[in-house]
Every structure is written in structure tokens, then in C-alpha cells.
Amino acid sequence: MPITTARTLGDFMEASWGRSESLEGIGAVVGAVAEGARMVQRQVQAAALAGVLGATGETNVQGEAVQKLDAAGSDIFVETLIGAENVAAVGSEELENPVIGGSGASRRYVVQMDPVDGSSNIDVAVTIGSIFGIWRRPPGDPVTGAVLLRPGRDQAAACYVVYGSSTMLVVAAPGGVDGFTLDPESGEFLLTHPGIRIPGKCEYYSTNEGNFGKLDAPAQEAVSRLRRSHSLRYVGSLVADFHRNLLKGGIFLYPGDVRSPEGKLRLMYEANPLSYVAEQAGGAAYSATQRILDIQPERLHQRTPLILGNRAEVEQTVSIIRGG
Ligand code: AHM
Ligand code: MG
């Protein structure tokens, strides 16, 4: 039976957060994410027809080739978030420096985002996504880049969008984790996955097996153990791998290796938001040495090893990687 009467994202936020002083303004930020996601989703669907495949010819601050959709997605979300009028600053994977929205008292939040995650999958019609961490701006603090360098545990909320065979927005806030499916007819995000909890049984492991030879011995041991007991699923879009593992039970790992001890993934707009979602859903997330949400950031674009998903499996894997 199709769900046509489900609650809209707007109704859900009003009912869940509208009366809470601390959560109330987050609805406008998540609403701006949803508005941008509808626009990005249209470009993802139209793909070659919208002229958004291929690279721009530029490289971003991390030295990676910028895809046309990376650039378009970043512009779209900057516009909707800054336009929400309660966002003071937005950090983006695609921008060396944050965009400052203003320092007025109403601009109570800062956002870190990976506007289009899974860039290598854009041109081949494979699932990609968008990731957002939302922090409250300390009242009165000047709005400079430093206002974005806060540990993940201080996030007020986090969310991600997955553009797959359907488009979903998953939102984590202190009340829990809820998933909304984009209704192509009405353009509304409708509540289809209330109260998401990561399953206790861990079915899958997700890692880039091609990196195995570059891992140190403890990390190789951790991956070898998972190979023996779990099925491998690896899309190569973090948000897609995470989403599957969240709903089905699984562990994602992108450890540091001998050439890149910090790994590949970025702390502020990939690891922190998804780690917040994972913890709110009963999961866990660590670098090799500590809980992701406790890392004190030093740079906007810093990287971190990431082991993320089912709590028991993450803890066992981290203990092997630490050599214990
Ligand atoms: P991106 O944000 O530029 O797309 O890069 C991050 C992506 C993640 O989505 C994914 O988990 C990882 O890079 C895949 O890396 P690899 O191709 O090395 O397996
Ligand atoms: Mg990414």
C-alpha cells in the first residue's frame, strides 16, 4: 500500500522541534537542506541532459578534480543555507574558505557540508549524496573561519541526502534519527523511516579492498577478519555505503595507510555528521585512536581515518587496528 498520507518533513519538524527553544531554529536549516536537495536531485536525475556530467577542469583545495555537479551542488546549498537567514557560515568541501552569511543575532547556526559526496560515481549513474553537520554558533562569537572548528560532539543536528533509486533525507537530532523519502509527485519529503536504529546484527563490511596492500599489519588483520565473517558491499560513495549499513547493519572502514596515515575522508563534513547520525542510531564511530566526535579540529579540510557503523563491530575492529 503506498504511503500518501505520511507526515511531511515540515510537519514533522514543527511537531518535534517547534516547541523546543534549543531545536526550534534547526528546522529552518534542515528546510534549507531539503530545498537545495530538491534542486540537486533534479540535476542528478537529468545528468547528461542537464549538462552536469564531467569535470570543470579545476582542482579543489584538496587537489581533487572538481566535477561540474560538485560545483553546482556547492553553489545551490550555499544559496539555500545562507538564504535561510539563521546560518552564519557554511564550510564546503569544494571551497577553500567558508562562506560567511553575516553576524546578526538571528544567524545562530553554522553548517559544514560535502555538497556532492561520491564524485567518482556522478558520471556513471551510481548513488551519490550530500552530507551536513549543523552546529550552534556560540552567542556573540565573531563569525570567522574559527567558528566552524568545533568538535563533532557539539553538533546540534546532522543530516544527509542519498540520491539513489529513490531520494532520501535522513535527519539526526537529539530526539533520534528519522528518514524521509522524496515524493516525486508532490516534491515533499515524507516520513517513511521513523526512529531509525542500526540493527544489532552486522551483515556487511564496506572498505576499499584495493588498498589492502598499503595497510599496516593490524589494519590488514582487521580487514581479513571481516572478510571471513561478513559480506562485502562497497559503492565508493560514503553516504551510500553508510546508508545501507545504517538500515541493514554493517561497518564501514577507511583506515589510514602507510602512505596516508590520516586516510582519505574529511573530518568536518564527512566523518563528523555521519558519526553523529550513527551514534544517535545506536552505532559508533572512531578514528584509529579516538571517538570521532571528540576530535578537536585544527583545519577545515583535515582528514581522519574512519571506522563507522554497528557499535560492537566497530569497537572490535578498532581494538584490532590499535594492535590490541
Ligand atoms: P568525494 O567527497 O570527493 O566524493 O570523496 C570521498 C569519497 C567517499 O564518498 C568514498 O567513501 C571514498 O571517497 C571512496 O574512496 P576510494 O575511491 O579511495 O575508495
Ligand atoms: Mg565526500
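Our subject is the structure listed above.
Please read these numbers as outputs of a predicted model, since none were measured by experiment.

**Student:** Run through the sheet that holds strand E4 (residues 99–100), naming residues and quoting values.
**Tutor:** Picture the strands of a sheet paired through backbone hydrogen bonds; they go either parallel or antiparallel. The strand order E4-E3-E5-E6-E7-E8-E9-E10 describes an open sheet built from eight strands, whose pairing is mixed. If you trace the sheet from one side to the other, it starts and ends with E4 and strand E10 (189–193), each paired once. Direction of pairing for strand E3 (residues 87–92) relative to E4: antiparallel, over a ladder of two bridges. Residue pairing across strands places valine 90 opposite valine 99, the latter belonging to E4.

**Student:** Just give me the short version of the sheet that holds strand E12 (residues 231–232), but keep the residues and values in it.
**Tutor:** Strand order in this open sheet of five strands is E12-E11-E13-E15-E14, and the pairing throughout is mixed. Each edge of the open sheet carries a strand with a single partner, namely E12 and strand E14 (284–286). Along the sheet, helix H6 (residues 267–280) contacts E14 and strand E15 (306–309); its crossing angle with E15, the most-contacted strand, is approximately 30°.

**Student:** Break down helix H5 (residues 238–248) for me, citing the residues and quoting the values.
**Tutor:** Within H5, nine of the 11 residues are buried, leaving the element largely enclosed by the surrounding structure. Inspection of H5 places Leu238, Val239, Ala240, Asp241, Phe242, His243, Arg244, Asn245 and Leu246 among the buried residues, and these make up the whole buried set. Phi for glycine 249, located one or two positions after H5, is positive at around 95°.

**Student:** Break down the site of ligand 1 for me, citing the residues and quoting the values.
**Tutor:** In the vicinity of ligand 1 there are 17 residues, among which Gly118, Asn208, Tyr234, Leu238 and Tyr254 approach most closely. Take serine 119: an N or O atom from its main chain is 2.8 Å from an oxygen atom of ligand 1. Leucine 238 is positioned such that a nitrogen or oxygen atom in its backbone is 2.7 Å from an oxygen atom of ligand 1. Protein contact buries 86% of the 460 Å² of open area that ligand 1 shows by itself.

**Student:** Run through the coordination of the magnesium ion (ligand 2), naming residues and quoting values.
**Tutor:** At this site the magnesium ion (ligand 2) is bound by Asp114 (OD), Asp117 (OD) and Glu270 (OE), with donor distances of 1.9 to 2.1 Å. Sequence spacing of the donors to the magnesium ion (ligand 2): D-x2-D-x152-E. Of this pair, aspartate 114 sits in strand E5 (residues 109–117) while glutamate 270 sits in helix H6, and the two are 156 residues apart along the sequence. Given the relative accessible area of 0%, aspartate 114 is considered buried.

Thresholds applied
- Per chain, residue numbering runs from 1 following the sequence as it is written.
- Naming scheme: in the order in which they are written, chains are lettered from A and ligands are numbered from 1.
- Residues qualify for local features only when their pLDDT is at least 70, as the model is predicted, and side-chain atom pairs are given and counted only at 80 or more; totals for whole chains, interfaces and linings, by contrast, use all residues.
- Working from all heavy atoms in the structure, the side-chain values ignore hydrogens and water.
- Two strands make a pair as long as DSSP finds a minimum of two bridges between them.
- Helix and strand definitions follow DSSP, with helices as H or I runs of at least four residues and strands as E runs of at least two, each counted in order from the N terminus.
- The criterion used for residue contact is that any of the two residues' heavy atoms lie within 4.5 Å.
- Orientation is described by lines fitted to C-alpha atoms, with helices fitted over the stretch in contact, and by angles between N-to-C directions that extend from 0 to 180 degrees.
- Each residue is placed in one exposure class: buried if its accessible area under a 1.4 Å probe, protein chains only, is under 20% of its type's maximum, exposed if it is over 50%, and partly exposed if it falls in between.
- For this description, a residue counts as near a given molecule or strand if any of its non-hydrogen atoms is within 4 Å of it.
- The term polar contact refers here to a pair of N or O atoms within 3.5 Å; inside protein, the definition further demands a hydrogen-donor-capable atom paired with an acceptor-capable atom, and it admits residues adjacent in sequence only when both atoms are side-chain atoms.
- For every accessible area listed, the method is Shrake-Rupley and the probe measures 1.4 Å; residues are considered covered only by the protein chains on display.
- Each metal's donors comprise the N, O and S atoms found within 2.8 Å of it (within 3.2 Å for Na, K or Ca). Water is not part of the atom list, so some coordination spheres may appear incomplete.

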